[in-house]
Amino acid sequence: MRKLPSARRAARPYARAVVGAAGAVALCAVLTAPAAAAPRGAQTQSATAAAKPAAQPAAQPAAQPAAQPAVRLPDGLAKTPPMGFNNWNSTHCRAEFDHEMVKGIADIFVERGLKDAGYEYVNLDDCWALPQRDANGKLVPDPVRFPDGIKAVADYVHSKGLKIGIYTSAGTKTCNSAGFPGALGHEESDAMQFAEWGIDYLKYDNCNNQGVDAIQRYTKMRDALKAASETTGRPIVYSICEWGQNKPWEWAADVGHLWRTTGDISDNWSSMLGIMKQNLPLAEYAGPGHWNDPDMLEVGNGGMTDTEYRTHFSMWSIMAAPLLIGSDLRTADEATFEILENRDVIAVDQDPLGKQGAVVTSEGGRWVVAKEMADGSRAVALFNESGAPQRISTTAEAVGLPAAEGYRMRDLWQHADYNTGGEISASVPAHGTVMYRVWPSEDAGSYPPAAEFGTDATPYVEAGGEAGVTTTFRNTGVTPAKNVTVAFDAPAGWQVETDSPTTAKQLKPGGKLTTTWRVTAPAGAGTGRQEFPLSAGYAAPSGQTVSLTSAGAAYVVASPPAGTTYASDWEWLEAGNGWGPVERDTSVGEQPAGDGKPLTLGGQTYAKGLGVHAASDIGFYTGEECETFSARVGVDDETGTNGSVSFEVWADGAKVADSGVLTGDKAAQPLSADIGGAQTVRLVVTDGGDGVDHDHGDWADAQFTC
């Protein structure tokens, strides 16, 4: 769990100062060894510094699940993906993680209706114990954090009709450098102690594992949990957290109830997106009682927009992932609760058929993911990976529905029902997801016709300048849309004009209303993205009225500087990074901005450049005025010989240069691209196909010639 995706772990263990419950300062560090067939010696480095995780599977993994072991956990647990809360993403080891927080979350689950929505587990993560066992080898709860012990907290949680979870590691110590005791060698004792406390859920991490084979370690705890359950009558859901290093989807279905498929998630778009892409190809391995786990939710922690958090929640739900809230609900805003409480989306995650959604298409950042539901319907996510609005479309046939004259289509975020003849489409905002549930329906016409409304592109406009924007309203239903109106609302200081029609008396199925708008930016507008709310209204034949909203946007830009200039001196349109922010003229450090080191490739230090961590994507406006881009690229020296990345240059959506996979033991490579005539250029760093550990890439001496 603590296997953070920072490449800096190759230079030193990841460390962070935290204030413990008693006020002492401790260092949270990852100090682990790799899972291997035989011990690898002293545990003095990160697991991933010693060995990279196994490559993530392709879309159709070839390996077959292992044969069933003779001993199984109690049947009947985790028939649907577990739902609940885990404190780690919001508190780490800080002092606010204590019994009052745990009780407060339980209270909120009941008071806000989260319990009724399906959230069940209130889980404790690392740092709940003292660093030493007692004289009898038993675990000792931290008396400052939990003055009445764990059983008292468990009793309180149970009194609310909820369940409680706890954390330890399949090693000699947990992942925190304070040295909290792990369960390796103490499996039977610890499992019995958890059961006697009333624990309902165990998260079992992978740190300080002494090189003992992963299957052996996790199977031993499975057997200990089964024995404890038989003795106490307390069944425990078993969450395997070995970060996907040994492909647990191939062997863990009869060992645990869920297994992590990836490294830790971070509260940013690139991290969430990368983890989603790693988990999506594993759909065939998920089902009732055995789930792929792409890590906890970050919804509400502040590192993403509400649009991105809705995507996060939507995609985790359609992937049948565990939904473990990672934000402190005691301080959460209403937008966070609105996302977490969406019962239409939760119903997709909790569908009893237990199917994980599968990718239908994913071209050009336009993702269609469909999930078969127990009642024969399909949940469909239209996900826009790109930084601009896009029209995404599929059909009922493509997502596996039978032929029908009409279909009922429910928008799971708008909580409204429509009819369609089989087309499933929407104008999806940047980084957004539109989610539908679709059924064949003999009375589809009783619902209003479905419609899509949005812009064709995101324009670039200089301060005081004018750009054209085209919006399209299209009836995708089987009945007419009447009295159609569209509007483009400008923010203060902007001007919007049109000579095109903005109304239509009636649009038959498939009919369109296209409107061209002239948008003028204020003379003093600053550079950056400007959002424009779009709205439309229409009526069904029955007279029922429908209101639609859509996201429009424009970028206020400046002409690129003439001559040859460094990319780190430019303003970018957008920047995404897998760990921490993109850094100018330094390597990527930890989470805070500006904490990197000099860019160093093959022993040479570079004064100028961009420091990133896969997966990374930086966009620049070149305004059709630039000819070439060049850089020296590679994995920064501070990762040692670890890390594997690929550097790509994209011009107006087309790849124009690719370094191929570069590893930490390779020298810096020159990379150049012809970008003549391109309006935008993106600098992309991927993970090389094997996960993001140590994937710390440098665009050294990155230059544009314009």
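Residues numbered from 1 in each chain as written. Predicted model: local features only at pLDDT ≥ 70, side-chain atom pairs only at ≥ 80, totals over all residues. Heavy atoms only, no water.

Visitor: Would you mind showing me how to read the overall build of the chain here?
Guide: Each helix and strand counted, the chain has 11 helices and 40 strands in total. A total of 706 residues make up the chain; the buried ones form 57% of that total. Of all intrachain contacts in the chain linking residues separated by at least 6 positions in sequence, the fraction that spans at least 24 positions is 73%. Accessible surface, the chain as shown: approximately 25,200 Å² in total, 49% of it carbon and sulfur. (Helix = DSSP H or I, 4+ residues; strand = E, 2+ residues; numbered from the N terminus. Buried < 20%, exposed > 50% of the residue type's maximum accessible area, 1.4 Å probe, protein only. Contact = heavy atoms within 4.5 Å. Areas by Shrake-Rupley, 256 points an atom, 1.4 Å probe, with all protein chains shown as cover.)

Visitor: For this particular structure, what's the right way to read the side chain of D107?
Guide: Here D107 is to be found in helix 3 (residues 99–111). A polar contact of 2.6 Å, which involves the side chain of D107, links it to the side chain of Y156. Discounting residues that sit within four places of it in the chain, D107 has contacts with Y156 and K160. (Polar contact = N/O pair within 3.5 Å; in protein donor to acceptor, adjacent residues only side chain to side chain.)

Visitor: Hey, could you run me through the environment of A551 in this one?
Guide: As for its placement among the helices and strands, A551 is situated in strand 27 (residues 545–557). When its relative accessible area of 26% is taken as the criterion, A551 is described as partly exposed. Remark: the alpha-carbon pair of A551 and A388, spanning 163 residues in sequence, is separated by 9.6 Å. Sequence-distant contacts of A551, defined by excluding residues within four places in its chain, comprise P389, P429, F532 and L534.

Visitor: It is not clear to me how the sheet that holds strand 19 (residues 451–455) should be interpreted in this structure. Could you clarify?
Guide: Across a sheet, paired strands are connected by hydrogen bonds in the backbone, their directions being either parallel or antiparallel. Here four strands make up an open sheet; going across it, the order is 19-21-25-23 and the pairing antiparallel. In this open sheet, the two edge strands, each paired with only one partner strand, are strand 19 and strand 23 (495–497). Adjacent strand axes in the sheet meet at a mean angle of 20°, parallel and antiparallel pairs treated alike. (Pairing = 2+ DSSP bridges. Axes fitted to C-alpha atoms, helices over the stretch in contact; angles between N-to-C directions.)

Visitor: Would you explain the sheet that holds strand 5 (residues 163–169) in this entry?
Guide: Taken in spatial order, the eight strands of this open sheet run 9-8-7-6-5-4-3-10, and their pairing is parallel. Lying at the two open borders of the sheet, with one neighbouring strand each, are strand 9 (291–293) and strand 10 (323–325). The mean inter-strand angle of the sheet, taken between neighbouring strand axes irrespective of direction, is 25°. In the packing of helix 5 (residues 149–159) onto the sheet, contacts are made with strand 4 (121–123) and strand 5, and the angle to strand 5 comes to roughly 145°.

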